[in-house]
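Chain by chain, the residues run as shown.
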Amino acid sequence: MGKVSVAEIKELMKSTGVGMMDCKKALEENDGDMDKAIEFLREKGLATQAKKSGRAAAEGVVAAVVKGETGVLLEVNTETDFAANTDDIRNFVANVANTIIEKNPADVEALKEMPISGGTGTVGEALTELAGMKIRENIVIRRFVRLEGKLASYIHNGGSIGVLVKMDTDLAADAVAPIGKDVAMQSAALNAPYLNREQVPAEVIEKEKEIMMAQMAEDPKMASKPEQVRAKIVEGKVGKFYTENCLLEQAFVKDDKLSVQGYVDAEAKKLGGSIKVTDVIRYERGEGIEKKEDNLADEVANMIKK
């Protein structure tokens, strides 16, 4: 049984939503291996599916811009929410998004070398001037994605979450945009890790089955059932896994009698065409970026000392 750090316990707590001492024990039992500790907690029935990314921590803006059949989803980070809500930052983000649409840069570094849309100099020069002379904070162009085709977008809460949806359809872009926006809003609200079951890796499903079997082994009522019965129950649970973790199989938030796919198909039929959602990109401001949480760290440290 190895000694574990406060940072490791805090990370496991954030990933699973499980209490301090249970996280501490899980890490100690598994020599600090985070993945094995998560599996340990799930097998004990203490944790559900682990979160895929860290909680939002950094400030900034997520922006989505669609012009014709080209769209961009962009995240720019600042140190404070005050800076993020200034006109200077909002205008900069809009200009950078337009630059991406117009110039199609390969990555952030290439983007910084390009002339900025609606301004003078390069994107990198505009960024330096904004950070050093106007905002006086560290400003980072963190990431972007550029898509072409029939697109729809949604921005939540002024830029805390942004979603870009691409559709393969024989219908006009303006006709399918409201449907795509509904799909984007669903993604923003429930954050499914996969678009459809075809995207779920086989090893993920096998691991889920192993965990489900282990959970039943811990349950006296289930442990007494024949293995083939438990295996059948697991297959049913896998179906539930798909409906919870695959966007198109989730219950549609505006009408839970339909799946998201069912909603899209019904709307396409009304319009006399077909719609296939082929890509959904979701950015949450600051996800995966750590920010100091001194109170939580102190609390964990005090628990360890006891």
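Before reading further, recall that the structure is shown in the block above.
Caption draft 1: Broad picture of helix α2 (residues 20–29). When we look at burial in α2, the residues that qualify are Met20, Cys23, Lys24, Ala26, Leu27 and Glu28. In the segment just after α2, Asp31 is the residue with positive phi, at about 55°.

Caption draft 2: Main features of the sheet that holds strand β3 (residues 140–148). Read across the open sheet, the three strands follow the order β1-β2-β3; overall the sheet is antiparallel. At either end of the open sheet lies a strand with only one pairing partner, and these are β1 (59–67) and β3. On average, adjacent strands in this sheet sit at an angle of 10° to one another, irrespective of strand direction. Across eight bridges, the pairing between strand β2 (residues 70–78) and β3 is antiparallel.

Caption draft 3: View of the sheet that holds strand β8 (residues 275–284). The strand order β4-β5-β8 describes an open sheet built from three strands, whose pairing is antiparallel. A single partner strand is all that each edge strand has here, and the edge strands are β4 (150–156) and β8. When the angles between neighbouring strand axes are averaged without regard to direction, this sheet yields 15°. Looking at chain direction, strand β5 (residues 161–169) and β8 are connected through nine bridges and run antiparallel.

Procedures and definitions
- Residues numbered from 1 in each chain as written.
- Predicted model: local features only at pLDDT ≥ 70, side-chain atom pairs only at ≥ 80, totals over all residues.
- Heavy atoms only, no water.
- Buried < 20%, exposed > 50% of the residue type's maximum accessible area, 1.4 Å probe, protein only.
- Helix = DSSP H or I, 4+ residues; strand = E, 2+ residues; numbered from the N terminus.
- Pairing = 2+ DSSP bridges.
- Axes fitted to C-alpha atoms, helices over the stretch in contact; angles between N-to-C directions.

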